[in-house]
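# Topology and contacts: notes
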Amino acid sequence: MPNPSLLSAPLLLPAGSRQSFVAEAKWHRPLLWLAIAMGILTIVCIFGLVVDPRTMTGAPIWAKPLKFSLSIGLYTLTLAWLIGMLQRFKRMAWWAGTVAAAFLWVEIVIIVGAVIAGTTSHFNVSTPFHAALWGVMAVSIMIVWTAALPVMVVLFRTDLGDATRTVAIRAGFVVALIGMALAFLMTLPTPDQTMNYQGIIGAHTVGIPDGEPGLPLLGWSTVAGDLRIPHFVGMHALQVLPLAAIILELLAARVPALRKARTRRNVIWVIIALFVGILTVLTVQALGGESIVRPNGLVLTVSALLYLGAATAIAIIIGRNKRTRGICAATAEVDA
């Protein structure tokens, strides 16, 4: 596509980035406009929460479109930026992003339409019409997931400048796709639905029907496992891990031990391992029917070991860097 399909915007990056293209991202316009629309929809949903007292499956009826507008907004804004950084296969990436934007529009329109109609959008196969809408949503999200694959492949073939940022973006994309794929687990019929069909196939919670007590606004179950949690955490690795890399770059100005690119890269690998470990724990916990607010001893122990292991590994990496710097300084003094 021609260049007008992308918007130019400056990015603040540390000195030493090897590729000038990173310093001037060209935003993918269809995704960027969708992100802006989701920002507007977020305000509408907040207003709906205030003025509309209706509930659906135990939660305020406007909570679902609010969560989806925030999530889609973050995803599309990030993807618009990443596509704009690509050097090669720009046309393919542009089309992939445009397809993703189009089918995310389909998804959010159905979700908001269901709210206006006062019915559920997900898992609803109670009538041929509702089953068709649910089928369209399922196909749409599969297309969105598939459209992300070529962008991820190209990112793995693109030099993004800073090594830490490159690792974080690539790993974040891979983990995000895994997190998105975890949503498939919610579409499977529960044992109760198999035995007693009531027009609903699939559920967010494990062990009990949807609609039981949950966390305010988020709706995550406080009495059973909830597959929305690993799905949410995993898909937003695309924001969390690159943000961690940026924080490391900012800290490097104040922490001498982080000024080496190799040190920051090793630290980000530890953070990635921690993130994947926690995602695994959350997935197993949800599948086991255990609420996130009531973890058992094994979950607490494994989680504590993951955080302790990550903290220890980071301390060793930074300590090793300090010793190396000390030896180099001492050698320089002797040579002088």
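Coordinates for the structure precede this section.
Let us look at the structure shown here.

How each quantity is defined
Residues numbered from 1 in each chain as written. Predicted model: local features only at pLDDT ≥ 70, side-chain atom pairs only at ≥ 80, totals over all residues. Heavy atoms only, no water. Helix = DSSP H or I, 4+ residues; strand = E, 2+ residues; numbered from the N terminus. Buried < 20%, exposed > 50% of the residue type's maximum accessible area, 1.4 Å probe, protein only. Contact = heavy atoms within 4.5 Å. Areas by Shrake-Rupley, 256 points an atom, 1.4 Å probe, with all protein chains shown as cover. Expected span 1.5 Å × (residues − 1). Salt bridge = Lys/Arg side-chain N within 4 Å of Asp/Glu carboxyl O.

### Focus on the overall build of the protein chain
- Along the backbone of the protein chain there are 10 helices and 6 strands.
- Burial analysis of the protein chain (336 residues in total) assigns 44% to the buried set.
- Residue pairs at least 24 apart in sequence account for 68% of intrachain contacts in the protein chain once pairs closer than 6 positions are excluded.
- As displayed, the protein chain has an accessible area near 17100 Å², and 72% of this comes from carbon and sulfur atoms.

### Details of helix α2 (residues 63-84)
- An ideal rise of 1.5 Å per residue puts 32 Å on 22 residues; α2 measures up with 32 Å between its terminal C-alpha atoms.
- Most of α2 is tucked away, with 16 of its 22 residues classed as buried.

### Points about the pattern of salt bridges
- Within this structure, the stated rule accounts for 4 salt bridges.
- Notably, a salt bridge pairs D162 with R264, separated by 3.1 Å at the nearest N-O pair. Of this pair, D162 sits in the loop between α4 (128-155) and α5 (163-181) while R264 is found in helix α9 (residues 261-287), placing the two residues 102 residues apart along the sequence. Just as D162 is buried, R264 falls in that class too.
- A salt bridge links R228 to D226, with the shortest nitrogen-to-oxygen separation between them at 2.7 Å.

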